[in-house]
Amino acid sequence: MKIGAAMFFTDYSMAPGELARALEERGFESVWAPEHSHIPLSRRSPFPAGGEIPKQYYDVMDPFVSLTAAAAAATRLKVGTGVCLVVQRDPIQTAKLVASLDQVSGGRFLFGVGNGWNAEEMANHGTAFATRHRLARERIEAMKVIWTQSKPEYHGEFVNFGPMMTWPKPVQKPHPPVIVGGAFPYGARRALRYGDGWMPHRRRPAYEDVAALIPQFRRMEAEAGRSVPITIWGVSEDLDLLRRDRDLGVERAIVQLASAKADAILPELDRWAALIRRLAA
């Protein structure tokens, strides 16, 4: 099982390149950058984890900029969006961003996507909360067409464009993996419908631990006639739980780091490096 790390990159955190080098040196597989364009002050949408929204949500840098810096600083480390809010982004321009980052990283990009929870943030981008799941599916379908066809076109309910020419195309074929974030069962269903992986959080109000739901997910895979890798987000420094995840067939586990400088982060990474070695033994 691979281990990745995520950070809200801000002007008070480690720089993306600095963290990427530290992760690669310690045996991590990937680095992940989340996304929020802004946080409306109305706060009508409740924070999924409860309580106040942490400051880093207001301050986070653009993930494609951060991950470009991370990719340039490392040679093997994969770089991923965790998650890109596709319902708030133009699909044609986002397809070019994804393909460009896959090119400059030499095929190391992981396209984590999510449909979001903040209705007011989406509304400021012209997106209706009630139809965001259909919108996300169409935008991802349209991007796949752009990445894989020389003269792509797409005609849907929300996304509509005639034949065009746009390059670059991604290094990875047919395209970088689309790893769909979201809770069980709805996020899992979306992952099986149009994703190349499912990325749930370790715990959510609807369930105590997503690992307990993996047998149900395997049955969903059988019914869908396809299987996708699982990435569990928000893991802790617990070797027994990590071994259980590995034995359940989980492909990747992601630790969420604080948005902090190296003096706070590097000791934690050193502990994780020891866990990675023991997990591989």
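Residues numbered from 1 in each chain as written. Predicted model: local features only at pLDDT ≥ 70, side-chain atom pairs only at ≥ 80, totals over all residues. Heavy atoms only, no water.

The subject of this paragraph is the pattern of salt bridges. Tallied over the entire structure, the rule returns 19 salt bridges. When the shortest N-O distance is used, the salt bridge between Glu 35 and Arg 89 registers 2.7 Å. One end of the pair, Glu 35, is in the loop between strand 2 (30-33) and helix 2 (55-59); the other, Arg 89, is in the loop between strand 4 (84-85) and helix 4 (91-104), with 54 residues separating them in the sequence. Note on accessibility: Glu 35 and Arg 89 belong to one class, buried. (Salt bridge = Lys/Arg side-chain N within 4 Å of Asp/Glu carboxyl O. Helix = DSSP H or I, 4+ residues; strand = E, 2+ residues; numbered from the N terminus. Buried < 20%, exposed > 50% of the residue type's maximum accessible area, 1.4 Å probe, protein only.)

A few words now on helix 7 (residues 186-194). Inspection of helix 7 places Gly 187, Ala 188, Arg 190, Ala 191, Leu 192 and Tyr 194 among the buried residues, and these make up the whole buried set. Against the buried residues of helix 7 lie helix 6 (132-148), strand 8 (178-181), strand 9 (197-199) and helix 8 (214-224). (Contact = heavy atoms within 4.5 Å.)

This part covers the environment of Ala 274. Topologically, Ala 274 is positioned in helix 10 (residues 262-280). For Ala 274, a relative accessible area of 29% puts it in the partly exposed group.

Here we come to the UniProt feature "domain: Luciferase-like" (unreviewed entry) in the protein. UniProt annotation of "domain: Luciferase-like" (unreviewed entry) refers to residues 18-228 when read in the numbering used here. End-to-end, the C-alpha atoms of residues 18-228 are 32 Å apart, and along that stretch the chain is 38% helix and 13% strand. (UniProt positions renumbered as here; feature names shortened; annotations may be inferred.)

Moving on to the side chain of Arg 137. Relative to the helices and strands, Arg 137 is located in helix 6. Residue class for Arg 137 comes out buried when judged on its relative accessible area of 15%. Those residues in contact with Arg 137 that sit more than four places away from it in its chain are Arg 193 and Tyr 194.

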